[in-house]
Each structure stands twice: as C-alpha cells, then as structure tokens.
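Overview (structure and organization)
Each chain, written out:
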Amino acid sequence: MKTDVIETVKKPETVIIQPMKGLVALNLRDLWIYRELVYFLTWRDLKVRYKQSVLGVLWAIIKPFLAMVVFTVFFGNLAKLPSDGLPYPIWSYTGLLPWEFFAAALSVSARSMLTSGNMVSKIYFPRIIVPLSSVFANLIDFLIAFVILIGMMFFYHITPTINMLWLPAFMLLAIITALGVGLWFSALLVMYRDINYMLPFITQLWMFISPVVYASSIVPEKWRVLYSLNPMAGVVEGFRWALLGTQQSISPLMIAISSVIALTLFISGLFFFRRMERVFADMI
Amino acid sequence: MSNLAIKVNDLGKQYKIFSEVNRYQTLREKITETLRSPLKNLLNPTGSETFWALRHVSFEVERGLVLGVIGKNGAGKSTLLKMLSRVVEPTEGRAEIHGRVGSLLEVGTGFHPELTGRENVYLNGAILGMKRSEIDKKFDEIVAFSEIEQFIDTPVKRYSSGMYMRLAFAVSAHLEPEILIVDEVLAVGDAEFQRKCLGKMSDVAGEGRTVLFVSHNMSAVTRLTKECIILEHGKMTQRAPSSEAVDYYLSHGYEKGGERIWTSDEIPSESFPFKPIALRVMNAKGQVVDSVRSVEPLTLEMDYSLDSAITGLRVGIYLMTVRGDYVFTSFDTDDPEQFSKHTERRAGHYISRCTIPADLLNEGRYTLGVNASVFRIKRYFQDANAVVFNVNPTGAPGMHWVEPRQGVTRPRLDWQIVEK
C-alpha cells in the first residue's frame, strides 16, 4: 500500500477547465495518457462480439467468403464482368477484404458514440478513443479473413511479387479512410439520429462506386479522376495491385488522389470530432 | 507552488430546454427550420429556451481538504461535479485542477454484462484511468474487497445486483488519484457493505487526498467532510464548517411549524382514493408545535379522507433523524386486533393518531414521514419528509452533566445501585 502512494507522488499535472472557442487543439497528450484504454476497448469489442456465438471468429471469414461466392456466380459467371484477366473468385475476394473491413469499421464506429453514451456522460476520457477502438477491433477480423486469401493464392498458383511490400501502406489508407468517415459520422450521429438510418444505404451505394465487383478499368478514361475521389477506389485497386499484380486498373494518379482525399477526411474528421466532443455529454 | 488543489472561478453551465417530443433534432427539422426562418436561426442559432443549471460559482479547495457539496435535487451539484471531472464543458468561467483527478459519478461505468468479473475489473479500471500495471497490482485487493472471489470468472450478467455493485465499487475505491470527486456512490449494497464503503472513504480522506463529496446522506457528510458548500438553485449560498452547513441546510427547505398541510395540487393522482389532509406534531396540551420537550409525551396525528373504501389499508409514520437515520416505523393497524377491526375502511374523513411516550427521544431534530398503503398490493401515498420538529431535552435524564449524549433515544431507565 505504502509503496503505491510513493509512486503516485509526482509533479501534479494541472488541468484548466473552461469553454473552448474556435478551432480547438487536438489534445494528443491526453490520448497518449489513455492509450491503454484503446487497447481495452478494442479487446472488449472483440470479446463481446464473439461470446455466445457458436462459430465465433469464423464469422470473420464466412462473411467475405459468402460474398465472394455470390459475386462470382452473378457478376463473374452470369454478368461476365472483367476481372483483370484473373480468376474472378480470388480477384473479387482481394477487393472484398479491404471493402468488408471499411464497411464494418464504418458502421460500428459511426454508431460507437451512441452505444457508449453511458460512459461518455459519466467519465472523462478522450472521446476519440471510442470510434478509434471500434475501427481497430475490425482490423482483427480483417487479419483472420486474410488467412483465407493466402490459401486461395496457393490454390490459384499466384506468386506474390515485390509489390506486396506496399500492402501495409494500402491497409493504412483503408484505416485512415474508415477513421475519417467514422469520425464525421459518429459526431454527426450524436446530433442527428437520421444518420443511423442512412448508414446502411450509404455503405451499399459506396460499394457500387468502388471497384469491388468490377474493375475500375471499365470506367471511361475521362471519368477516372472523378472516380478516384473515392478513397476506397484507391484502396481496393491498390490491394489487387499489391497482391495479384494487376496493372490495367491502377495508376499513380489514382493512388495520389485517393490518399489526399483520405487524409483530408481524416484530418477534418479529427477536428470536427474534437469540436463536437464538447457537447457530446450534453446531447447523448 | 500554491497549495490549492482546485480553484473554481465564476463557473457556469447553461442548458437548453428540450421538450420531450423534440429531444433529438432530426436533419429534416433542422433543414426545414432553417429554410422557414433563416433570419431567426442566424440571430438565435439555438432556437430554444435556456436556463442556467449553475452560475457564478467560485471557490477554492486546499490540498488535502475533504469538501462536501450539499443541496437539494436540481441545485446543480451534479452539474458542478460533471464540469470538474471534464464530462461536460462549462458555458462560462474557469476552473483549475492541480493533480490527477479520479471521478466517481457512478460506479460500474462501462461494465459489460457479457464479460466476466475479472475482465470487467480491467476494463472499468482502464476507463477510470488506471494503468494496467496498477490494476494488476491491486487486483487481489479489489476482489477481496468486493467479497466475490468465487464468481470472479463468471459473466457479470449472472451476478445479483448486490454483487455487481460491490465489484463496481471495489474497482472505484482502489483508484488512487490525488483529487477524488465522488457523487452518491455510497448508496450501494447492504448495510454491511455501506459501512465498509464509508470506512474506505474515510481512509481516502485520512490519506491526505483532496476529496469533493456530494451526498444526500447528512450523517455521512458530517462524518467525512470538514467543510461544505451549499448549492441552492444553481448558486452557491454558503461555505462553512460541515456541522454548521448541515444544520443550515437542514433547517432550510423543509416545512416548518410542526404541521404539514397538503393542498389538492400537491396530491399525486395515483394516491386516489386516499387523500392526505394534514400531518401534525402536538405537545401534551394538544397544541401544534415544532418543538417538543423530551420529558412530555407527544402526539402525532395524520388527518386524511377516503373517496372510496379501501380494504387492508394501513396508515403509518416513519420517524427519522434529520441526518437520515431511521428511528422507527409504525402503522395504525400494527396491532392484529386493530387490523381485523378496521380491515375495510369506508369512504369518509379519518384521523389516525398515536402517542410517543415521554422520555424516549434524545435531543435533536427529527423528520416525520407518512405512508398509506395496502401491504404487498399498493402504496397509495408516501411523503418521507413531511414535517420536521425539534426535541428539547430540558429535564431529561442526565441533564446535570452538560454533554451531548450519543444515540437517538434517551430513555429514563430504572437504574439500581446495589452494594454487595
């Protein structure tokens, strides 16, 4: 007991509490102090999600896998959409991986402030931890689903190239996009519950403007720049390029545009969220 | 460096008043509203009424002081604590806090029913701002304190509410901040556990930590705090040593004069057909008084009417000290004979009257409450703080020694001194 007390005696930190005005600082110091909470909330999300479910973590595989089967039958075999000359199953699964991550991360993080309302109205901690950890929890699902992709690459005899080293960068791009959009939506959702109903619809539309079931090479050249404004276009095509070596659908310009938009979304999301953070406890 | 832990300067919080239906704005409303009256929205972007939950509050807390915050519901206590623990942002003013803050506005925040006790200890600890290493170190202590060792790996959804609260409080109690902000968390668990919680709280206070303590339990406030601030209608009206502040608080805000008369708009509709009229405290001469002598019997009288018959009705009183400790509860049909005689009470005007014998109560202030119910069927009416009265000890046993006597009662016992 006594030793604990000695440990906690250090220079007292001073906190100033007053109304914030204008564009507020991000307060990354607090985020660092509470870093362990990110870990605990991520861990809680995962633990709770798969408790009392028979198949448990298998769900992380089943969802993208079934989507791949359905897409292969309808878009690959029946509609005969081009797949950059690769077998449609592995081609679509490679796109589905980052897409499923993005869609799940967005839907969970957008609702996260509302589902954690009880915590938010009782205890102080940097609020950004809530959407942040819900995005991270989905990262684990992504990694599990990725194992299947490795199996499929063996099955289709696809040898990874040096491009593979870029994969973490594209994953980062997917995370930043999910976080950016998640931050905007979670803050807006506290004020406007409408977002809750709009979300499934938005995600669905978003999938069709992303090259998940089709290759972006079918988009006319003059529309490509506009098309690249969707950061997920860059992410999905980046994944295929890094893992399968597709060439036709990707361009450095596309990746550049996607990255700039993703970063803009992310940074503006951070500031918007931080600005709205002040009223969360009053609104929830 | 200054020796202040908390410095609050002109702090205020304004809330918008939402009507029930319009609690959450929808986008459509916002858009149509803006289109319909763009000017009004520009000039008054909130568009709704506002009120100050707290305003112009300034005080300082020296390091190591245990300060009580008292006030009625809605006086702004919780708002103050929420601002100081950074849950809500003030609308105006400023507060400085020197030191690591731990705030317990509620125990068990973030507990997840699907997770086990062990998992929840870690999760809750992290939410309260503890490091994982800290929780590791205190884990056994926390579990021992909560007394649920054998259930620690059971999901908390299978816990009884008492176990749940004990575990939740145990985590909070082992938080070791320099400044602790506590709101009413002592009202958990059974009497035994409450005692333990109070003990833990006085340990914390004794360790020289700064504590801000909000409670309705006046005996806890006087026991744990040195000084108190009183909030009334969002304003700070007093700062005084605790016993003085508690007395001030208790003597304001209750009915005075030994009689409580209910006006028709004060009677809730659920109480039909029971209609309370008045509750009176009377001395031996039958006068309604707010101060009685302990050496005289006193009469308590509940005046009420029934608009229709009630079967099995019992009308009773609670006697409490103003600090919130019960003295006794008694009903007019406690005697089985009385009960069978008055099983059905027809519509009409009644008085239920009882006498408290002389030489029973000790000196002090007492609160009288009333309850009208049918056992296990329905509670028609209840008012726990209907009347406050004083008991004056002049002539009581032992008055030749000028000392306050401990205890609620001061009976005249038949002592015999025998030499053998």
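Since the structure is predicted, the reported quantities are computational estimates derived from the model, not experimental observations.

Definitions and limits used
Residues numbered from 1 in each chain as written. Chains lettered and ligands numbered in written order. Predicted model: local features only at pLDDT ≥ 70, side-chain atom pairs only at ≥ 80, totals over all residues. Helix = DSSP H or I, 4+ residues; strand = E, 2+ residues; numbered from the N terminus. Rg over C-alpha atoms; globule rule 2.2 N^0.38 Å. Buried ≥ 20, exposed ≤ 12 C-beta atoms within 10 Å, placed from the backbone. Contact = placed C-beta atoms within 7 Å. Expected span 1.5 Å × (residues − 1). Pairing = 2+ DSSP bridges. Axes fitted to C-alpha atoms, helices over the stretch in contact; angles between N-to-C directions. Core = buried A, V, L, I, M, F, W, Y, C linked by C-beta atoms within 7 Å. Domains from an automatic or database assignment. Parallel < 35°, antiparallel > 145°, perpendicular 65-115°, else oblique. Left-handed = near helix turned anticlockwise from the far one by under 90°. Nonpolar A, V, L, I, M, F, W, Y, C, P; charged D, E, K, R; others polar. pLDDT = per-residue confidence, 0-100.

1. A closer look at the overall build of chain A
Each helix and strand in chain A was counted, giving 12 helices and 1 strand. Listing every helix and strand of chain A by position from the N terminus yields α-β-α-α-α-α-α-α-α-α-α-α-α. By the compact-globule yardstick of 19 Å for 284 residues, chain A fits well, its C-alpha radius of gyration being 21 Å. Considered along the principal axes of its C-alpha atoms, chain A spans approximately 65 × 45 × 35 Å. Sorting the 284 residues of chain A into buried and exposed places 43% on the buried side. Contacts in chain A between residues at least 24 apart in sequence constitute 82% of all its contacts with a sequence separation of at least 6.

2. Regarding the overall build of chain B
Helix and strand counts for chain B come out as 10 helices and 20 strands. Residue burial in chain B is summarised as follows: out of 420 residues, 36% are buried. For chain B, restricting intrachain contacts to residue pairs at least 6 apart in sequence, the fraction spanning at least 24 positions comes to 70%.

3. Regarding helix α7 (residues 129-155) of chain A
Its 27 residues give α7(A) an end-to-end C-alpha distance of 40 Å, which sits within 8% of 39 Å, the value for a rise of 1.5 Å per residue. Just past α7(A), the residue His157(A) takes up positive phi, approximately 55 degrees.

4. Some thoughts on the sheet that holds strand β19 (residues 364-374) of chain B
Residues and elements named next belong to chain B. With mixed pairing, 5 strands are arranged side by side in an open sheet as β12-β20-β19-β15-β16. Where the open sheet ends on each side, the last strands, each with one partner, are β12 (291-293) and β16 (326-331). For this sheet, the mean inter-axis angle between neighbouring strands, taken without regard to orientation, is 30 degrees. Looking at chain direction, strand β15 (residues 313-321) and β16 are connected through 5 bridges and run antiparallel.

5. Observations concerning the nonpolar core
By size, the foremost hydrophobic cluster in this structure holds 173 residues, and its most contacted members are Leu84(B), Leu212(B) and Phe213(B). For this core, the leading source of residues is helix α5 (residues 88-115) of chain A, giving 16 residues. The two domains that each donate at least three residues to this core are domain 1 (4-251) and domain 2 (259-392) of chain B. The contact partners of Phe213(B), leaving out residues within four places of it in the chain, are Val66(B), Leu67(B), Gly68(B), Val69(B), Val182(B), Val221(B), Leu224(B) and Thr225(B).

6. As for the packing of α5(A) against α7(A)
Residues and elements named next belong to chain A. Running from amino to carboxyl end, α5 crosses α7 at an angle of 165 degrees, the nearest separation of the two axes being 8 Å. One way to sum up the angle between α5 and α7 is to call them roughly antiparallel. Between α5 and α7 lies a crossing of right-handed hand. Across from Ile90, Tyr93, Thr94, Leu97, Glu100, Phe101, Ala104, Ala105, Val108, Ser109, Ser112 and Met113 in α5, the residues of α7 making contact are Val130, Pro131, Ser134, Val135, Asn138, Asp141, Phe142, Ala145, Phe146, Leu149, Met152 and Met153. A per-class count over the contact of α5 with α7 returns 17 nonpolar, 5 polar and 2 charged.

7. Structural notes on the pairing of strand β4 (residues 92-98) of chain B
Inspection of the sheet shows strand β1 (residues 14-17) of chain A paired to β4(B) by 4 bridges, in the antiparallel sense. Across the sheet, the residue bridging to Thr14(A) is His98(B), located in β4(B). In terms of strand pairing, strand β1 (residues 4-16) of chain B meets β4(B) through 5 bridges, oriented antiparallel. By the bridge assignment for β4(B), Lys7(B) is matched with Glu96(B).

8. A few points about the confidence of the model for chain B
Residues and elements named next belong to chain B. For chain B, mean pLDDT is 83; residues scoring 70 or higher make up 88% of the total. Per-residue pLDDT stays below 50 along residues 19-23; that stretch engages in 1 contact with residues further than four places along the chain or on separate chains. A low-confidence stretch, residues 41-46 (pLDDT under 50), is modelled with 4 contacts involving residues beyond four sequence positions or located in other chains. Interface predicted TM-score (ipTM) for the complex: 0.83; the corresponding pTM is 0.72.

9. Notes on the sheet that holds strand β10 (residues 259-261) of chain B
Residues and elements named next belong to chain B. With antiparallel pairing, the 4 strands of this open sheet are ordered in space as β10-β11-β13-β18. The two strands at the open ends of the sheet, each matched to only one other strand, are β10 and β18 (348-356). Each adjacent strand pair in this sheet contributes to an overall mean axis angle of 15 degrees, direction not counted. Across 9 bridges, strand β13 (residues 298-306) lies against β18 in antiparallel orientation.

10. A closer look at unusual backbone geometry
Glycine aside, negative phi is the norm for most residues, and most peptide bonds take the trans geometry. Residue and element names in this part refer to chain B. Residues phenylalanine 272 and proline 273 are joined by a peptide bond in cis, for which omega reads 5 degrees. One non-glycine residue, histidine 233, lies in the positive phi region at around 50 degrees. Topologically, histidine 233 is positioned in the loop between β8 (227-232) and β9 (235-241). Even without a glycine there, the phi angle at aspartate 359 is positive, about 60 degrees. Structurally, the position occupied by aspartate 359 is in the loop between β18 and β19. Residue aspartate 359 is classed as partly exposed on the basis of its 16 C-beta neighbours within 10 Å.

11. Remarks on the interface of chain B and chain A
Listed per partner, the contact involves 40 residues of chain B and 32 residues of chain A. Looking at the side of chain B that touches chain A, the elements with two or more residues in it are α3 (77-84), β4 and α4 (117-127) of chain B. The biggest single contributor to the side of chain B that touches chain A is β4(B), with 7 residues. Considering only residue class, the side of chain B that touches chain A consists of 16 nonpolar, 11 polar and 13 charged.

12. As for the environment of Cys354(B)
Residues and elements named next belong to chain B. Mapped onto the elements of the fold, cysteine 354 is located in strand β18. With 15 C-beta atoms counted inside 10 Å, the residue cysteine 354 sits in the partly exposed group. Separated by 52 residues in sequence, cysteine 354 and methionine 302 have C-alpha atoms that sit 8.9 Å apart. Discounting chain neighbours no more than four positions away, the residues touching cysteine 354 are Leu300 and Ser330.

13. Considerations on helix α3 (residues 35-50) of chain A
Look at α3(A): 24 Å from first C-alpha to last across 16 residues, which is about the 22 Å you get at 1.5 Å a residue. Taken as a whole, α3(A) has its buried residues at Leu37(A), Phe40(A), Leu41(A), Thr42(A), Arg44(A) and Asp45(A). Its buried side turned inward, α3(A) meets α7 of chain A together with α4 of chain B.

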